[in-house]
Amino acid sequence: MSISKGDDGLDNKILRKLFLGFIHIHILYHADKEGIYGSWMLEELKEHGYDISAGTLYPMLHQMEKDGLLYKEEVKVEGHIRKYYGATDHGVEVMKEARAKAYELFKEIK
């Protein structure tokens, strides 16, 4: 599913909001397991059927950092600075709560 900002009707707006929530959970999950960086996360999401642009992902990561869900470390890699993100304790708690709620919902609608 392509996640774009185009106005494709109410159904697509609702699906976009829903999928963006899933993407937040996905980001928190991987940020808790290992440090993530943007281009890796774009590929990971693509493998799961989420076609989002860097222009959508990077503001998401910055907002999640601002909200205290992620922390950022800058590492020099092959002469360039790469920003790695990890989940904060608060981010891990939010991810666990979201996972529990998603599990309950999926059990109900399955």
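Criteria and thresholds
Residues numbered from 1 in each chain as written. Predicted model: local features only at pLDDT ≥ 70, side-chain atom pairs only at ≥ 80, totals over all residues. Heavy atoms only, no water. Pairing = 2+ DSSP bridges. Helix = DSSP H or I, 4+ residues; strand = E, 2+ residues; numbered from the N terminus. Core = buried A, V, L, I, M, F, W, Y, C linked by side-chain atoms within 4.5 Å. Buried < 20%, exposed > 50% of the residue type's maximum accessible area, 1.4 Å probe, protein only. Contact = heavy atoms within 4.5 Å. UniProt positions renumbered as here; feature names shortened; annotations may be inferred. Expected span 1.5 Å × (residues − 1). Arc of directions from axis to C-beta.

## Digging into the pairing of strand S2 (residues 80-87)
And then number 1: Here 8 bridges tie strand S1 (residues 70-77) to S2, and the two strands are oriented antiparallel to one another. Within S2, the residue paired with Glu 74 across the bridge is Lys 83.
And then number 2: From the end of S1 to the start of S2, which pair antiparallel, there are 2 residues, and Glu 78 there has a positive phi angle of about 50°.

## Some points on the nonpolar core
And then number 1: One finds Ile 23, Ile 27, Ile 36, Leu 45, Leu 57, Leu 61 and Leu 70 to be the most contacted residues of the largest nonpolar core, which totals 22 residues.
And then number 2: Looking at this core, the elements with two or more residues in it are helix H1 (10-33), helix H2 (38-47), helix H3 (54-66), S2 and helix H4 (89-109).
And then number 3: No other element matches the 6 residues that H1 contributes to this core.
And then number 4: If near-sequence neighbours (up to four positions away) are discounted, Leu 45 is found in contact with Ile 23, His 26, Tyr 50, Ile 52 and Leu 57.

## Thoughts on the UniProt feature "domain: Transcription regulator PadR N-terminal" (unreviewed entry) in the protein chain
And then number 1: In the numbering used here, UniProt assigns the feature "domain: Transcription regulator PadR N-terminal" (unreviewed entry) to residues 27-96.
And then number 2: Helix and strand shares over residues 27-96 are 54% and 23% respectively, and the end C-alpha atoms of the span are 13 Å apart.

## Section: H4
What sets the pattern is the α-helix's 3.6 residues per turn: residues three or four places apart point alike.
And then number 1: End to end, H4 covers 30 Å across 21 residues, agreeing with the expected 30 Å (1.5 Å per residue, within 8%).
And then number 2: The set of residues buried in H4 consists of Gly 91, Val 92 and Met 95. The buried residues of H4 occupy an angular sector of 90° when projected down its axis, which confines them to one face. Opposite the buried face of H4, by more than 90 degrees, sit the exposed residues Asp 89, Lys 101 and Glu 108.

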